[in-house]
Amino acid sequence: MRLTKATIERLELPPGKTELIVFDDALPGFGLRIRAGGKRTWVAQYRIGPKQRRVTLGTVNIFDADKARKHARDALARAQLGLDPQLEKTAARTPKPREMTLGEAIERYLPYAERKLKASTYSGIVLHLRKHWQPLHGRELQNLERRHVAAELGRIATDSGLYGANRSRAAPSTLFAWAIGEGLTDTNPVVGTNKATEEVARDRVLTGDELSLIWRVAGEGDYGAIVRLLILTGQRREEVGGMFWSEIDLAKRVWRIDAERTKNGLAHDVPLSSPAFEILRARERSDRTLVFGSREGAFQGWSKAKSALDRRVLTKLRETGADGVLKPWRLHDIRRTVATRMADLGVQPHVIEAVLNHISGHKAGVAGVYNRAIYTAEKRQALDLWAEHVVALVEGRESNIVPLRGVR
């Protein structure tokens, strides 16, 4: 029969039956199921391969015959296309498992990264992923798109500078490459985003006046001490900012950096000149293992501290009526300046390389293995000579340093 309001009202369950399905003559597969107790539901019956399948569309109290027929027609059409309306209905009712968020993936990735990376590299990864990318921590990995990453890179460039944005871009890219290998996501949304700036090799060397000015306005806190130690030692920012008290031998006036904290993976001893020694001796020693920073970590806040230093430099220039403005500079320019000016003072190139720990791990050979000791005297002489030169610059007097023999 054709299922209509009038015909279904006359249908009764035969005696002894617990269920009866009556199909519509006009739409094959569309039917009404009657069960003991009086419940009546609309159904659509179809075939998937050799199997008969049936999906419930709703009760007669929800749909009248015309609406039920329309829903049945849609279900049967999907079945004709090879879909299974019953499975679709079950899947729609089943809650989808929650995808892993970026923040959760980061915490799962960091122990892996810590095993693979040097301590200095790992600390940078932690900073970028936990701090700079924090606004995206709540997003699911599968839903993170390139536009989200690009927008966040723009914010980081504003807050931390163009080079800082480039460094922050590398950290999540490595994370997503790992996550793809772990089956946590299918794509790396960092791929295809633009770098904040194209980096070129820098050759900025600070003049004596610039170096003196930076020293004088560096400040009295952690950052000021770090900047002055960078000037006096020529070491890397992360090495100074992450200095441990256990590395400092005040009795022998040596700073001993273990291999896991150096860029080339070679242990390195830095003789402490008198000014460098006095800076460290004046530090208030607490129960922290690190010389600089707060809580558990090494010194942070490099970008803000550098911006504040630049403002103090500008203020000082205006106060003194000095001509010109200090050209843009970075902390790493200090390291290049130390090397260049040491050469001007007659320090031999191989000694400068030893002071800067520039011997590469795969080419070091015996010199690399014994790098701590082979130029101990020469390094101390070079750093003492350099410290005397810096003090003369800061005090505004002519340096009485005679260049070492062999230099014109």
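This one's a predicted model, so the numbers in the text were calculated from it and none came from an experiment. (Residues numbered from 1 in each chain as written. Predicted model: local features only at pLDDT ≥ 70, side-chain atom pairs only at ≥ 80, totals over all residues. Heavy atoms only, no water.)

(A) Molecular detail of the overall build of the protein chain. What the protein chain contains, in helices and strands, is 16 helices and seven strands. In summary, the protein chain has a C-alpha radius of gyration of 36 Å against a globular reference of 22 Å for 408 residues, an excess of more than 25%. With respect to the three principal axes, the spread of C-alpha positions in the protein chain is 120 × 50 × 40 Å. Expressed as a percentage of the 408 residues in the protein chain, the buried residues total 42%. Residue pairs in contact within the protein chain that sit at least 24 positions apart in sequence constitute 58% of those at least 6 positions apart. When the accessible area of the protein chain is evaluated, it comes to approximately 22900 Å², of which 52% is carbon and sulfur surface. Distance between charge centres in the protein chain, computed from 68 positive and 49 negative side chains, equals 5 Å. (Helix = DSSP H or I, 4+ residues; strand = E, 2+ residues; numbered from the N terminus. Rg over C-alpha atoms; globule rule 2.2 N^0.38 Å. Buried < 20%, exposed > 50% of the residue type's maximum accessible area, 1.4 Å probe, protein only. Contact = heavy atoms within 4.5 Å. Areas by Shrake-Rupley, 256 points an atom, 1.4 Å probe, with all protein chains shown as cover. Lys, Arg positive; Asp, Glu negative; His and termini not counted. Charge placed at Lys NZ, Arg CZ, Asp CG, Glu CD.)

(B) Structural context of the sheet that holds strand β6 (residues 254-257). With respect to topology, three strands assemble into an open sheet ordered β5-β6-β7, the strand pairing being antiparallel. Lying at the two open borders of the sheet, with one neighbouring strand each, are β5 (248-249) and β7 (268-271). Strands β6 and β7 of the sheet are contacted by helix α16 (residues 376-395), whose axis makes an angle of about 45 degrees with β7. (Pairing = 2+ DSSP bridges. Axes fitted to C-alpha atoms, helices over the stretch in contact; angles between N-to-C directions.)

(C) Just the sheet that holds strand β2 (residues 30-35), in detail. If you walk across this open sheet you meet the four strands as β1-β2-β3-β4, and the pairing is antiparallel. Each edge of the sheet is formed by a strand with only one pairing partner; in this case those strands are β1 (19-23) and β4 (51-59). Averaged over neighbouring strand pairs, the angle between their axes works out to 30 degrees when direction is ignored. Inspection of the sheet shows β1 paired to β2 by five bridges, in the antiparallel sense. In the sheet register, L20 faces β2, and the bridge partner there is I34. Its contacts with the sheet put helix α2 (residues 65-80) on β2, β3 (40-48) and β4, and the angle it makes with β3 is roughly 20 degrees.

(D) Here's a closer look at the confidence of the model for the protein chain. Residues with a pLDDT of 70 or more make up 91% of the protein chain, whose mean pLDDT is 87. Of all helices and strands in the protein chain, the one with the weakest mean pLDDT is helix α15 (residues 365-369) (46), whereas helix α9 (residues 222-233) scores best (96). Segment residues 361-369: pLDDT under 50, and eight contacts once partners within four positions in sequence are set aside and those in other chains are kept. (pLDDT = per-residue confidence, 0-100.)

(E) Geometry of the side chain of H132. Relative to the elements of secondary structure, H132 occurs in helix α5 (residues 119-132). In this structure H132 comes out as buried when scored by relative accessible area, which is 13%. Among the polar contacts listed, one links the side chain of H132 to the side chain of S168, at a separation of 2.7 Å. Non-local contacts of H132, meaning those with residues more than four positions away in its chain, are made with L127, E152, R155, I156, S160 and S168. (Polar contact = N/O pair within 3.5 Å; in protein donor to acceptor, adjacent residues only side chain to side chain.)

(F) Spatial organisation of the pattern of salt bridges. Within this structure, the stated rule accounts for 23 salt bridges. R228 serves as the salt-bridge partner of E220, at 3.9 Å between the closest nitrogen and oxygen. For E220, a relative accessible area of 72% corresponds to the exposed category. The salt bridge involving R261 is made with E247; its shortest N-O contact spans 2.9 Å. Here the residue R261 occupies a position in the loop between β6 and β7, and E247 occupies one in the loop between α10 (237-241) and β5, the gap between them amounting to 14 residues. (Salt bridge = Lys/Arg side-chain N within 4 Å of Asp/Glu carboxyl O.)

(G) Local environment of empty space enclosed by the protein. Taken as a whole and assessed by the stated rule, the structure comprises one cavity of 30 Å³ or more. Estimated volume of the largest cavity: approximately 50 Å³. Within the residue set of the lining of the largest cavity, elements represented by two or more residues are α4 (102-116) and α7 (162-181). Considering each element in turn, the lining of the largest cavity owes the most residues, three residues, to α7. Considering only residue class, the lining of the largest cavity consists of 11 nonpolar, no polar and no charged. (1 Å grid on protein atoms, 1.4 Å probe; cavity = no way out; pocket = protein on both sides within 12 Å on 5 of 7 lines; lining within 4 Å. Points joined across faces, edges and corners; volume = space filled by probe spheres on them. Nonpolar A, V, L, I, M, F, W, Y, C, P; charged D, E, K, R; others polar.)

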